[in-house]
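Each chain, written out:
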Amino acid sequence: MLIRLFSGLVWLLAASMAQAGWLVAESEHFRIYSSMSETRLRKEAAVLEDYHKLLERMTGRTVPANAPRLDIYLVENQKQLSIVRPGIGPNIDGFYSATPGGIVALAAEPDLEGDWSGGRDTLLHEYAHHFMMQLGGGTVPAWYREGFAEYAMTASFRPDRIEYGGANPGRYWTLLNMPWEPLEKVLSGARNMDMGKFYAQSWLLTHYLNRVEGMQAKRNAYLKKVAEGADPVAAFKTEVDPDLDAFQSRMRAYINGRSATLSRFKRTPPVPASVSVAALPKAADANLLTLLSMQMPQEAEQDARSLARIREAAARSPDDPWAGRAAAIAEAIAGDEATAARLLDALLADNPDDADLLRWRASLYKADRPGASQADVAAARKLLVRAWKAAPDDWQVLWAYGSSYSSRGGALSETVLDVMLKAADLAPQVQAVTMRTGIEMARAGHYDHAEALIAPSVNNPHFGGAMILERNLLTALRSGDKQAVEAALMGLSFGQGSVSLD
């Protein structure tokens, strides 16, 4: 994640905030970058911590103490969003990305203290997903995954009260003005369905099951059955209501009538969340988002343009540590490997225990690629072991180490599997990590672990429908049939599965 790119530059963050465009705020669960005022940034961080506590209250669960902070970028406008995600649509107010390059959320000018804005709703919706995944909640059906995020994101916070369970204006309008899809289609998971309708009807179904008397126990029994592998439609008929048409009619009466409620509870003004704010160096102003963009999957042409901008900035500020560090990492991602090695070695001479610099230096050996020499693999692992000792809970370091091993010759060792599993536990939001780990667990015969890791991606409405080979593996794992599992793994090896096995 991007913040650790600056871990060796702590002293630079003491620069005058009045002279720096970008500030970074750190609280217990978040690391927030913004060019807004320090006063407002502190308030936004406090609201996010309020929201985290509300999610804990709603679920009765707490995230692990070693879970990484989420990096959030509160940008000024859509133009800044497009730096990180070129070609983003004009109506998009933010997005969330979880890749091996990092886990980040971006939102355009969200007013978290207000009650509604596109950027605000996007950020709170995505954090609800992030939070639930950190708890291992990825095995819920697709409609509940999205419905819960829609349900939670409407929360509003005041010094004397908190409310949640209201309605997003857009979803409410859809329900009142657009024809509904059959409930069976919603329960099946958004395949061949308009996503706006899917989100709206999923929100209403979640609202109904969470708030109508007598529904909570049925909801819990249903979610438990689906998590165990039951079909979402059949489980609903068994655990909630066998008559889907009648149930949907009751939901329609619920939203059209006066029985729908929201939660409001009073509180004394809370003790302000502990938030530290520092200024990033002036050199970060132009290229903070550009460097973030390079750590995400981009077209080669886009990375080349980003690299050119970062090189130019470094040339203009040859003595600026931030610019030099950014240049070294940019070269490692998309530039000249010899230059990257030289720059990273120079930085490591002054910061020998910097886990991020060690990981980037190790990446130059391409130890995770087929055909890497044993000498290169050994050199990369040596650096990654040093990085792990410096940052034992850094999931990217753990993942880089685990990815340096190949299962082409058979199942990976239990030691390597443990490293990969810890990375997946720390970053369950990253599909590439959980899917590869799940596949390797399946190959080693750990079917229960494999199922728990693979199911969230297959159930994700954004891309689960296309994961035919992975779905076949999940079905085989749930059957417990070794031959079926081996056949499904063979299909992934030779087919077009979404995860590389190398």
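Thresholds applied
- Residues numbered from 1 in each chain as written.
- Predicted model: local features only at pLDDT ≥ 70, side-chain atom pairs only at ≥ 80, totals over all residues.
- Heavy atoms only, no water.
- Helix = DSSP H or I, 4+ residues; strand = E, 2+ residues; numbered from the N terminus.
- Rg over C-alpha atoms; globule rule 2.2 N^0.38 Å.
- Buried < 20%, exposed > 50% of the residue type's maximum accessible area, 1.4 Å probe, protein only.
- Contact = heavy atoms within 4.5 Å.
- Areas by Shrake-Rupley, 256 points an atom, 1.4 Å probe, with all protein chains shown as cover.
- Lys, Arg positive; Asp, Glu negative; His and termini not counted.
- Charge placed at Lys NZ, Arg CZ, Asp CG, Glu CD.
- Core = buried A, V, L, I, M, F, W, Y, C linked by side-chain atoms within 4.5 Å.
- Pairing = 2+ DSSP bridges.
- Axes fitted to C-alpha atoms, helices over the stretch in contact; angles between N-to-C directions.

Caption draft 1: Local environment of the overall build of the protein. For the protein, the count of helices and strands is 22 helices and 9 strands. Expected size for 502 residues packed as a compact globule is a radius of gyration near 23 Å; at 24 Å, the protein falls within 12% of this value. In terms of its C-alpha atoms, the protein occupies a principal-axis envelope of roughly 70 × 60 × 40 Å. Per-residue burial over the protein gives 52% buried out of 502 residues. At a minimum sequence separation of 6, the contacts of the protein that also span at least 24 residues come to 66%. Of the roughly 21900 Å² of accessible surface on the protein, a fraction of 52% belongs to carbon and sulfur atoms. The averaged location of the 59 negative side-chain charges in the protein is 3 Å from the averaged location of its 53 positive side-chain charges.

Caption draft 2: Fine view of the environment of Lys 237. Among the structural elements, Lys 237 can be located in helix 9 (residues 232-239). For the pair Lys 237 and Gly 445, spaced 208 residues apart in sequence, the C-alpha to C-alpha distance is 33 Å. Not counting the four nearest positions on each side in its chain, Lys 237 is found in contact with Pro 242 and Leu 244.

Caption draft 3: Expanded view of the nonpolar core. Among the nonpolar cores identified, the biggest contains 106 residues, and Tyr 51, Phe 236 and Phe 247 are the most heavily contacted of them. Once residues lying within four places of it in the same chain are set aside, the contact partners of Phe 247 are Leu 183, Leu 205, Tyr 208, Leu 209, Met 215, Phe 236, Val 240 and Asp 241. In this structure, Val 84, Ala 283, Ala 330 and Trp 360 belong to the second largest nonpolar core, which totals 51 residues.

Caption draft 4: Spatial organisation of the sheet that holds strand 1 (residues 23-26). One open sheet accounts for 6 strands, arranged 4-5-3-2-1-9; its pairing is mixed. Where the open sheet ends on each side, the last strands, each with one partner, are strand 4 (94-99) and strand 9 (276-279). Within the sheet, the average angular offset between the axes of one strand and its neighbour, ignoring direction, is 20°. Direction of pairing for strand 1 relative to strand 2 (residues 30-34): antiparallel, over a ladder of 4 bridges. Along strand 2, the bridge assignment pairs Leu 23 with Ser 34. In the packing of helix 3 (residues 118-134) onto the sheet, contacts are made with strand 2, strand 3 (70-75), strand 4 and strand 5 (102-108), and the angle to strand 5 comes to roughly 160°. Helix 11 (residues 284-294) rests against strand 2, strand 3 and strand 5 of the sheet, and its axis sits at about 130° to strand 3.

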